[in-house]
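Breakdown of the fold
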Amino acid sequence: MNAGWPMNPMFVLDNHDPIKIAWSLLKEEVRLRGSTGASLRTLPDGRRVVVKRGGFGGGDPEGHIRNEYDMNRYLNALGVGVPEAEMVDEGSRPTMLTQFEEGAVPIGPLDTAKLRQDVVPHALIANWDVVGMEDDNVLRRPDGSLSYVDVGGAGPYRAQGARKGPDFGPTVNEFETFPQHMPQYFAGLTDEEIGRSYDRYGGQDAMEAALNHLRSRDTADTLRQRISDVARRVA
């Protein structure tokens, strides 16, 4: 477990040796779809968690998975729906565990309005794969709310682990690129919709306060500039 990040009780596997128990369960993991080796694990008490260890596209799976965890926690701090997440060390390798969204189903056209309500947080963190190639990065929970279950393509990393480099910079271009690359959900996105999404998630003050959940100073600095960019746009 990473220093400074207390273990969430929902993921405590055993009070005596949780890592040993976790390793004993590796053989029981079921591979899920995706490019970074996500798998489904059943805990001793019957609960299920998704296990992710990062993508090798950029040769830095540890940095990639730590960033995905931070992006998950950032969205959570804003009030955007994401699964509960925790970071643990298994064999000295950082591993992200997220609560399996029981009963959730793939999104469809009827979820477009909800996706558009969430556009500012995802554009802000440059979540290029907010929907996913097969519309499976976001699910509809039984209560009708959305859960963004894969944010590995947010922040400075691409979905498979490569760095975005200067493409993750101080200007938020995603209000233009989202409609281009995901027209089925974001075509015709208006400034009025962007403004409503911005207000829905608390505006500049809330978005800057949520930066406390990021451990990378470089990522926080870039996001702070991006927040200012969005604020100028909606002013």
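Just above, that's the structure.
A brief look at the structure comes next. (Residues numbered from 1 in each chain as written. Predicted model: local features only at pLDDT ≥ 70, side-chain atom pairs only at ≥ 80, totals over all residues. Heavy atoms only, no water.)

**Considerations on the packing of aromatic side chains**
According to the stated counting rule, one finds 1 aromatic pair in the structure shown. Taking 5.5 Å as the distance between ring centres and 40° as the angle between the ring planes, the aromatic pair formed by Phe 178 and Phe 186 counts as tilted. Given the relative accessible area of 2%, Phe 178 is considered buried. (Phe/Tyr/Trp six-rings, centres within 6.5 Å; stacked < 30°, edge-to-face > 60°. Buried < 20%, exposed > 50% of the residue type's maximum accessible area, 1.4 Å probe, protein only.)

**Here's the deal with helix H5 (residues 174-181)**
Among the residues of H5, those classed as buried are Glu 174, Phe 175, Phe 178 and Pro 179. What you see down the axis of H5 is that its buried residues fit within an arc of 135°, all on one side. Seen from the open side of H5, the exposed residues pointing more than 90 degrees away from its buried face are Gln 180 and His 181. In the core, the buried residues of H5 are packed alongside helix H4 (119-124), helix H6 (183-186), helix H7 (191-200) and helix H9 (217-234). (Helix = DSSP H or I, 4+ residues; strand = E, 2+ residues; numbered from the N terminus. Arc of directions from axis to C-beta. Contact = heavy atoms within 4.5 Å.)

**Remarks on H7**
Buried residues of H7: Glu 193, Ile 194, Gly 195, Ser 197 and Tyr 198, and no others. Packing partners of the buried residues in H7 comprise helix H3 (112-117), H4, H5, helix H8 (203-209) and H9. At the C-terminal side of H7, Gly 202 shows a positive phi close to 90°.

**Section: the sheet that holds strand E6 (residues 105-106)**
An order of E6-E7-E8 is seen for the 3 strands of this open sheet, with the pairing classed as antiparallel. Every interior strand has two partners, whereas the edge strands, E6 and strand E8 (146-148), have only one. (Pairing = 2+ DSSP bridges.)

**A look at the side chain of Asp 229**
By the secondary structure assignment, Asp 229 is in helix H9. Within polar-contact distance, the side chain of Asp 229 engages the backbone nitrogen of Val 172 at 2.9 Å. Contact partners of Asp 229, with chain neighbours within four places excluded, come to Pro 170, Thr 171 and Val 172. (Polar contact = N/O pair within 3.5 Å; in protein donor to acceptor, adjacent residues only side chain to side chain.)

**Comments concerning unusual backbone geometry**
Backbone geometry at Ala 126 places phi at a positive 55°, although glycine is not the residue there. Mapped onto the elements, Ala 126 comes out in the loop between H4 and strand E7 (138-140). What makes Ala 126 buried here is its relative accessible area of 0%.

**Focus on the pairing of strand E5 (residues 93-99)**
Within E5, 5 of the 7 residues are buried, leaving the element largely enclosed by the surrounding structure. Taken together, the 4 bridges between strand E3 (residues 48-52) and E5 define a ladder with antiparallel strand orientation. The residue bridging Val 50 from the neighbouring strand is Thr 98, located in E5. Pairing analysis gives 6 bridges linking strand E4 (residues 85-90) to E5, with the strands arranged antiparallel. If you follow Glu 90 over to E5, its bridge partner there is Arg 93. The antiparallel hairpin formed by E4 and E5 contains 2 residues in its connecting segment, where Gly 91 sits at a positive phi of about 65°.

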